[in-house]
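Okay, here's what each chain looks like letter by letter:
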Amino acid sequence: MKKTVSRIWLALVLLFMYSPILILAVYSFTKSTMIGKIRGFSFHNYVTLVTTEELQSMIMGTVLLALIVSAVSVVLGTCGALGVYYGGKKTKTALEFFNRIPVVNADVVTGFSVCILLIVFFRIPKDSFIPLIIGQCVLCTPFVYLSIKPRLYAMDSHLYEAALDLGCTPWMALRKVVLKELVPGIISGFFTSVTLSVDDYFITTYTKPAAFDTISTYVVNATKGSQTEIKTALWALSTVIFALVVCIVIVGYFRSMKNVKENLE
């Protein structure tokens, strides 16, 4: 009885989480202009998505921004995790404290604070993209740190010293021994940063150039407009993003299972 109830509960939770996305995916393959009325099967939304220059520019800009922010965040987060692991007690306490603030702080507060500091106080122009990149790095770096930290503490603490004793230089020991152990955490942190960058709205709104839009800001503005064709094309974009995420998760799952089997053998 308990197993049946737990399975029903799990099914309801999954239905609640994924049914809106699945409904949106179904409507992306129709001629409907609003949710609630299905008007025939069509690939029109996907054709609009790949042929509209405005949408292509917005998507490419979002992807490029996410990759830049994620790369910078991975470097900062990795350095922070290494500093906490190999640093003194006071260093660990300070870095742990400052890392928690962006995680628990509201995005709107972070975005407004970055805007005041960089754009108003330091007078860095928005058109330089520097405030936008720094603002999103403030958001993403703590999550990279949280992804890498468990890998560090699961690692043998004597590996670095052993590599030095065997003739490695400090940089070689760090690159070929320590960082090699952190690769899964680094990859996880990178993809988390990409997701956060694409998803972020408040920090981007406060710090982006006026003529630049990411997917999140574009979608919000499009829902307020009257271009029905653009709105329905965004259904197709949401479906594509969801499908990509599912594929990445599936590939990652099977790769991890393969690694587990290899380790057991």
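Presented here is an overview of the structure given in this document.

Parameters at a glance
- Residues numbered from 1 in each chain as written.
- Predicted model: local features only at pLDDT ≥ 70, side-chain atom pairs only at ≥ 80, totals over all residues.
- Heavy atoms only, no water.
- Helix = DSSP H or I, 4+ residues; strand = E, 2+ residues; numbered from the N terminus.
- Buried < 20%, exposed > 50% of the residue type's maximum accessible area, 1.4 Å probe, protein only.
- Contact = heavy atoms within 4.5 Å.
- Areas by Shrake-Rupley, 256 points an atom, 1.4 Å probe, with all protein chains shown as cover.
- Lys, Arg positive; Asp, Glu negative; His and termini not counted.
- Charge placed at Lys NZ, Arg CZ, Asp CG, Glu CD.
- 1 Å grid on protein atoms, 1.4 Å probe; cavity = no way out; pocket = protein on both sides within 12 Å on 5 of 7 lines; lining within 4 Å.
- Points joined across faces, edges and corners; volume = space filled by probe spheres on them.
- Phe/Tyr/Trp six-rings, centres within 6.5 Å; stacked < 30°, edge-to-face > 60°.

**Examining the overall build of the protein chain**
When helices and strands are tallied, the protein chain shows twelve helices and zero strands. Starting at the N terminus, the α and β elements of the protein chain follow one another as α-α-α-α-α-α-α-α-α-α-α-α. Its C-alpha atoms put the protein chain at 70 × 60 × 35 Å along the principal axes. Buried positions account for 32% of the 265 residues belonging to the protein chain. By sequence separation, contacts in the protein chain at least 24 residues apart represent 68% of the contacts at least 6 residues apart. Split by element, the accessible area of the protein chain, about 16,800 Å² in all, is 70% carbon and sulfur. Counting 23 positive and 15 negative side-chain charges, the protein chain places the centres of these two groups 7 Å from one another.

**Some remarks on unusual backbone geometry**
With phi around 55°, arginine 123 is a residue other than glycine that occupies positive phi space. Inspection of the secondary structure assignment puts arginine 123 in the loop between helix H5 (107-121) and helix H6 (130-154). Look at arginine 123 and you get exposed, because its relative accessible area is 68%. Phi angles above zero are rare outside glycine, and phenylalanine 129 is one such case at about 70°.

**Considering the layout of surface pockets**
Here the largest pocket is characterised by a volume of approximately 1,000 Å³. Along the walls of the largest pocket sit 29 residues, with Val194, Val198, Ile241, Leu244 and Val245 positioned nearest its centre. For the lining of the largest pocket, the secondary-structure elements that each account for two or more residues are helix H1 (2-28), helix H3 (53-86), helix H9 (183-199), helix H11 (215-224) and helix H12 (228-264). Ranked by residue count, the leading element in the lining of the largest pocket is H12, at ten residues.

**Details of the environment of valine 183**
Locating valine 183 in the fold gives a position in helix H9. In this structure, the C-alpha to C-alpha distance between valine 183 and arginine 151, residues 32 residues apart in sequence, is 8.8 Å.

**Brief notes about the packing of aromatic side chains**
In this structure the tally under the stated criterion is 16 aromatic pairs. Consider the rings of phenylalanine 29 and phenylalanine 41, whose centres lie 6.2 Å apart with planes at 0°: the pair is stacked. With phenylalanine 29 in the loop between H1 and helix H2 (44-51) and phenylalanine 41 in the loop between H1 and H2, this residue pair connects regions lying twelve residues apart in the sequence. Measuring from centroid to centroid gives 5.5 Å for tyrosine 253 and phenylalanine 254, while their planes differ by 75°, and the two rings are edge-to-face. Its relative accessible area of 46% is what places tyrosine 253 among the partly exposed residues. Its relative accessible area of 56% is what places phenylalanine 254 among the exposed residues.

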